[in-house]
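# Geometric and topological summary
For reference, the chains in residue letters:
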Amino acid sequence: MVLQMGSPAPSIKMGDWLRGEPLANFQPGKVYIVEFWAPWCELCMAEMLDLMRLQEKYRDSGLEVVGLAANEDAPTAVEARTKLDAWLTEKCSHLSYRIAFDHTGEMNKLWMKPSFSARIPTSYVVDRDGQIAFIGHPSQLDEVLPEVLNGSWRTSDKAKAADTERIATSEPMARQQALKKPIDDRFWAAVKLEDWKTALWAIEEGIALMPDDINFRLAHAHLLLHKIQDMWTGLPVMRQLVRDAIDKNSEDWMVSALDQLFHPANDHSRLPPAERFAMVKELSEHILALNPPQGDSPKFRSYPAVARYYHENGNNDRDRVGEMALRSLDGPEPSRPN
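Just so it is clear, the structure is predicted and the values come from calculations on it, not from any experiment.

To continue, consider the side chain of Q55. Relative to the helices and strands, Q55 is located in helix α1 (residues 44-58). Residue class for Q55 comes out buried when judged on its relative accessible area of 4%. At 2.8 Å, the side chain of Q55 and the backbone nitrogen of V65 are in polar contact. Ignoring any residue separated from it by four or fewer positions in sequence, one finds Q55 in contact with L63, E64, V65, S96 and Y97.

This is the structure we're talking about:
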């Protein structure tokens, strides 16, 4: 059964409530935001602050927010809950809405999978009639919520078109995630055992199935260069990753490729220094051309990565772009604009 706008909201089956009073059922006459998030999600912290703002703004109109952590990876549910509780205490001590933790996978089965939602954060808005009014990224809530609260959203042509487009875009992605899951499961099981060859076999199977999947491509380079340390095989893989990232003109691909070559968590001592610097120089220049300092695009991910290159290469005073990149290493991460 597809979960879409107009569907009855699924039931709430939470394992633990970490903050706020437990919620057993959606109450008629109220509007709810159910937010799937995780502490390892870079954008979720900023979105949590926005959710607190929205709940305060629309509290008198009957809005309640429920945050749900359902994607925690830990050996036991107790360990996952302890990690979550510690993170919330450190990062969100003034949190003003409910937070729940589901370690059973039931909420993903009831909400995420039927709606073809494969990424977090994902927001679900439940209207006063207990029906799904919106499914999407929380950055869209400022536009959607006023119309949900006044009852005009779900019947509007704009809402119907948005939900149709969401399903058309998300369904293929969800099917792709289903194909990837058995490969990912074998890969991560091998990683936990530090069985790098088995992990490599799984990733190579994934690349044969989905040659343009960035996660498979990055894992391939990382395993060869940093785990198996097979430079003979790994360097051509790395060169192709760099070339494909530049050809795609994708900041995500270019920053991810750059991290394989310059991230401090990796040992780069076996890489040929001249070739390593040449690849990173080319990636850095393309990243800065794609996302210049005067542009409005977020800098918090790409500029620290570029700054490592400038710093290690001794070009701290190259120009204003390089200086801005270097400063980003010490500054706070700005939130992504809505």
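There's more to say after this.
On to the packing of helix α7 (residues 214-227) against helix α8 (residues 231-248). Where α7 meets α8, the closest approach of the two axes is 8 Å, and the angle between their N-to-C directions is 150 degrees. Classed by the angle they form, the pair α7 and α8 counts as roughly antiparallel. In the packing of α7 onto α8, the handedness of the crossing is left-handed. Two secondary-structure elements touch here, α7 through R217, L218, H220, A221, L224 and L225 and α8 through M231, T233, G234, L235, V237, M238, Q240, L241 and D244. Of the residues contributing to the contact of α7 with α8, the split by class is nine nonpolar, four polar and two charged.

Another point: the nonpolar core. Core analysis: the biggest nonpolar cluster contains 57 residues, and F36 and W111 have the highest contact counts within it. Look past the residues within four positions of W111 in its chain and what remains in contact with it is L3, A9, P10, S11, F26, V34, F36, Y124, V126 and I132.

With that settled, the discussion passes to helix α10 (residues 273-290). It helps to recall that an α-helix has 3.6 residues per turn; residues three or four apart then point in one direction. Taking 1.5 Å of rise per residue, 18 residues should cover 26 Å, and α10 covers 26 Å from first to last C-alpha, within 8% of that figure. The set of residues buried in α10 consists of R276, M279, V280, L283, S284, I287 and L288. All buried residues of α10 lie within an arc of 160 degrees about the axis, which places them on one face of the element. Those residues of α10 that are exposed and angled more than 90 degrees off the buried face are A274 and A289.

Averaged over all residues, the pLDDT of the protein chain equals 85, while 90% of them reach at least 70. Put simply, helix α12 (residues 320-327) is where the protein chain has its lowest mean pLDDT, 50, and α8 is where it has its highest, 96. Note on residues 317-322: pLDDT is under 50 here. Beyond four places in sequence and across chains, it has six contacts.

When you tally the buried positions in strand β2 (residues 31-37), you get seven out of seven residues, the bulk of the element. On β2, burial covers both faces: V31, I33, E35 and W37 on one face and Y32, V34 and F36 on the other are all buried. Examined bridge by bridge, β2 and strand β3 (residues 63-69) share seven bridges and lie parallel to one another. Within β3, the residue paired with F36 across the bridge is L68. Crossover handedness for the path β2 to α1 to β3: right-handed. Strand direction decides the pairing type here: β2 and strand β5 (residues 122-126), joined by five bridges, are antiparallel.

Before going further, it helps to spend a moment on the pattern of salt bridges. All told, the structure shown has 23 salt bridges when counted by the stated rule. For R98, the salt bridge identified is with E64, shortest N-O distance 2.4 Å. Here E64 lies in strand β3 and R98 lies in strand β4 (residues 98-101), a separation of 34 residues in the sequence. Note on R98: relative accessible area 17%, which makes it buried. The exposure class assigned to E64 is buried, which follows from its relative accessible area of 15%. Measuring nitrogen to oxygen at the nearest pair gives 2.9 Å for the salt bridge that ties D185 to K181. In this pair, D185 and K181 are both assigned in helix α5 (residues 157-192), four residues apart and thus about one turn of the helix distant.

Counting buried positions along β3 yields seven of seven residues, so the element is predominantly enclosed. Alternating residues of β3 divide into L63, V65, G67 and A69 and E64, V66 and L68, and every residue in both groups is buried. Across four bridges, β3 lies against β4 in parallel orientation. Pairing of A69 across the sheet is with F101, part of β4.

Our next topic: the packing of aromatic side chains. Scanning the model with the defined rule gives seven aromatic pairs in all. With 5.1 Å between their ring centres and 80 degrees between their planes, W111 and Y124 make a pair best called edge-to-face. In this pair, W111 sits in helix α3 (residues 106-112) while Y124 sits in strand β5, placing the two residues 13 residues apart along the sequence. We classify W111 as buried; its relative accessible area is 0%. Owing to a relative accessible area of 0%, Y124 belongs among the buried residues under this scheme. A centroid spacing of 5.4 Å and a plane angle of 85 degrees characterise the contact between F262 and F277, whose relative ring orientation is edge-to-face. With a gap of 15 residues between them, F262 in helix α9 (residues 251-262) and F277 in helix α10 connect regions that are remote in the sequence. The exposure class assigned to F262 is buried, which follows from its relative accessible area of 3%.

The rules behind each value
Here the residue numbers are simple positions, counted from 1 along each chain's written sequence. Totals for whole chains, interfaces and linings use all residues, but because this is a predicted model, local features are given only for residues with pLDDT of at least 70 and pairs of side-chain atoms are given and counted only at 80 or more. In computing side-chain values, all of the structure's heavy atoms are included and hydrogens and water are not. Secondary structure follows DSSP: runs of H or I at least 4 residues long count as helices, runs of E at least 2 residues long count as strands, and numbering of each begins at the N terminus. For the exposure calls, accessible area comes from a 1.4 Å probe over protein chains only, and a residue counts as buried if that area is under 20% of its type's maximum, exposed if over 50%, partly exposed in between. Pairs of N or O atoms within 3.5 Å make up the polar contacts considered here, provided that, within protein, one atom can donate a hydrogen while the other can accept it, and that residues adjacent in sequence are counted only when both atoms are side-chain atoms. Residue contacts are defined here by distance: any two heavy atoms, one from each residue, within 4.5 Å place the two residues in contact. Between N-to-C directions, angles cover 0 to 180 degrees, with each direction set by a line fitted to C-alpha atoms, over the stretch in contact for helices. An angle counts as roughly parallel when it lies under 35 degrees, as roughly antiparallel when it exceeds 145, as roughly perpendicular when it falls between 65 and 115, and as oblique in every other case. With the far helix as reference, a near helix turned anticlockwise by less than a right angle produces a left-handed crossing, and one turned clockwise produces a right-handed crossing. Classes in brief: Ala, Val, Leu, Ile, Met, Phe, Trp, Tyr, Cys and Pro nonpolar; Asp, Glu, Lys and Arg charged; the others, Gly included, polar. Note on terminology: a nonpolar core comprises buried Ala, Val, Leu, Ile, Met, Phe, Trp, Tyr and Cys residues joined through side-chain atoms within 4.5 Å. Between the first and last residue of a helix there are one fewer steps than residues, each counted as 1.5 Å, and that sum is the expected span. It is the directions from the helix axis to the C-beta atoms that the arc portrays. Think of pLDDT as the predictor's per-residue confidence, scored from 0 to 100. For two strands to be treated as a pair, DSSP must find no fewer than two bridges joining them. A clockwise path from the first strand over the helix to the second, with the strands pointing away from the viewer, defines a right-handed crossover. Salt bridge criterion: a side-chain nitrogen from Lys or Arg within 4 Å of a carboxyl oxygen from Asp or Glu. Stacked, tilted and edge-to-face pairs are distinguished by plane angle, under 30 degrees for stacked and over 60 for edge-to-face with tilted covering the rest, among Phe, Tyr and Trp rings (Trp via its six-membered ring) whose centres lie within 6.5 Å.

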